[in-house]
Amino acid sequence: MEKVPMTSAGYVMLQEELKERTGSERPRIVDAISEARAHGDLSENAEYHAAKEAQSLNEGRIAELEDKLSRAEVIDVSKLSGDVVKFGATVSLIDEDTEEEKKYMIVGDVESDVKQSKVSISSPIARALIGKSVGDSVEVAAPGGAHSYEIVDVKYL
């Protein structure tokens, strides 16, 4: 089995989602199925079919969360240090074309969120940054076109 790297915050986030889905979402869906069943003929009962669909989606997500949590390789970023970019690093970059500063944290696939500046370890920018140091220039072949960045700072928060 392949390990799934993630930060401790990402692990906690998945645990909370699993707890929510098994503790409150599952019973809510079971109640909806029971209520829809009470309405009679199941073959033409849209509420019943919608509730069964919701149950299927929820159970699928529960299985996915359990799988990822069982294969999780939790990396404590606070114990890492240095100026070389690796998993868990928060990297400050300057776009060499626009002089715009950007900051990204390299995290596992399951916890990436571009809105929070968390990029997946398998993303083009993270792959280009891994192993580089402060002062290095990197070329990122992204779907929107190639960009050049200079690494200004590397921190492990």
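Residues numbered from 1 in each chain as written. Predicted model: local features only at pLDDT ≥ 70, side-chain atom pairs only at ≥ 80, totals over all residues. Heavy atoms only, no water.

All right, on to the environment of Ile106 then. When you line up the elements, Ile106 lands in strand E4 (residues 101-107). With a relative accessible area of 0%, Ile106 lands in the buried category. Residues Ile106 and Met6, spaced 100 residues apart in sequence, show a C-alpha to C-alpha distance of 9.6 Å. When sequence neighbours within four positions are dropped, the list of residues in contact with Ile106 reads Val85, Lys86, Phe87, Gly88, Ala89, Val91, Val119, Ile121, Ala126, Leu129 and Ile130. (Helix = DSSP H or I, 4+ residues; strand = E, 2+ residues; numbered from the N terminus. Buried < 20%, exposed > 50% of the residue type's maximum accessible area, 1.4 Å probe, protein only. Contact = heavy atoms within 4.5 Å.)

The next subject is the environment of Thr22. Relative to the elements of secondary structure, Thr22 occurs in helix H1 (residues 8-37). Taking the C-alpha atoms as reference, Thr22 lies 48 Å from Asp97; in sequence the two are 75 residues apart. Ignoring sequence-local partners within four residues, the contact set of Thr22 consists of Pro27 and Ile62. At 2.9 Å, the side chain of Thr22 forms a polar contact with the backbone oxygen of Leu18. Of the polar contacts made by the side chain of Thr22, one reaches the backbone oxygen of Lys19; its length is 3.4 Å. (Polar contact = N/O pair within 3.5 Å; in protein donor to acceptor, adjacent residues only side chain to side chain.)

As for its position among the elements, Arg71 is in the loop between helix H2 (46-70) and strand E2 (72-75). Note on Arg71: relative accessible area 18%, which makes it buried. Setting aside chain neighbours within four positions, we find Arg71 in contact with Met1, Glu2, Lys3 and Val4.

Taking 1.5 Å as the rise per residue, H2 with 25 residues should run 36 Å; its terminal C-alpha atoms sit 36 Å apart, in good agreement. Where H2 starts, the residue carrying a side-chain oxygen 3.2 Å from the main-chain nitrogen of Glu47 turns out to be Asn45. (Expected span 1.5 Å × (residues − 1).)

When pLDDT is averaged along the protein chain, the result is 91; 100% of the residues meet or exceed 70. Here strand E6 (residues 137-142) is the element of the protein chain with the lowest mean pLDDT, 88, and H2 is the one with the highest, 95. (pLDDT = per-residue confidence, 0-100.)

Here we come to the side chain of Asp95. Tracing the chain through its elements places Asp95 in strand E3 (residues 90-95). The side chain of Asp95 is buried and forms no salt bridge, while Lys102, the nearest opposite charge, is found at 4.9 Å. A distance of 3.4 Å separates the side chain of Asp95 from the backbone nitrogen of Thr98, its partner in a polar contact. Here Asp95 is in contact with Glu100, His147, Ser148 and Tyr149, once residues within four sequence places are set aside. (Lys, Arg positive; Asp, Glu negative; His and termini not counted. Salt bridge = Lys/Arg side-chain N within 4 Å of Asp/Glu carboxyl O.)

Turning our attention to the pattern of salt bridges. Between side chains of opposite charge, a pair can form when the charged atoms approach closely. All chains considered together, the criterion is met by eight salt bridges. We note a salt bridge from Arg28 to Glu25, for which the minimum N-O separation is 2.6 Å. Of this pair, Arg28 and Glu25 both sit in helix H1, separated by three residues, roughly a single helical turn. A relative accessible area of 24% places Glu25 in the partly exposed class. The salt bridge involving Asp153 is made with Lys155; its shortest N-O contact spans 3.6 Å. Residue Lys155 is classed as partly exposed on the basis of its relative accessible area, which comes to 42%.

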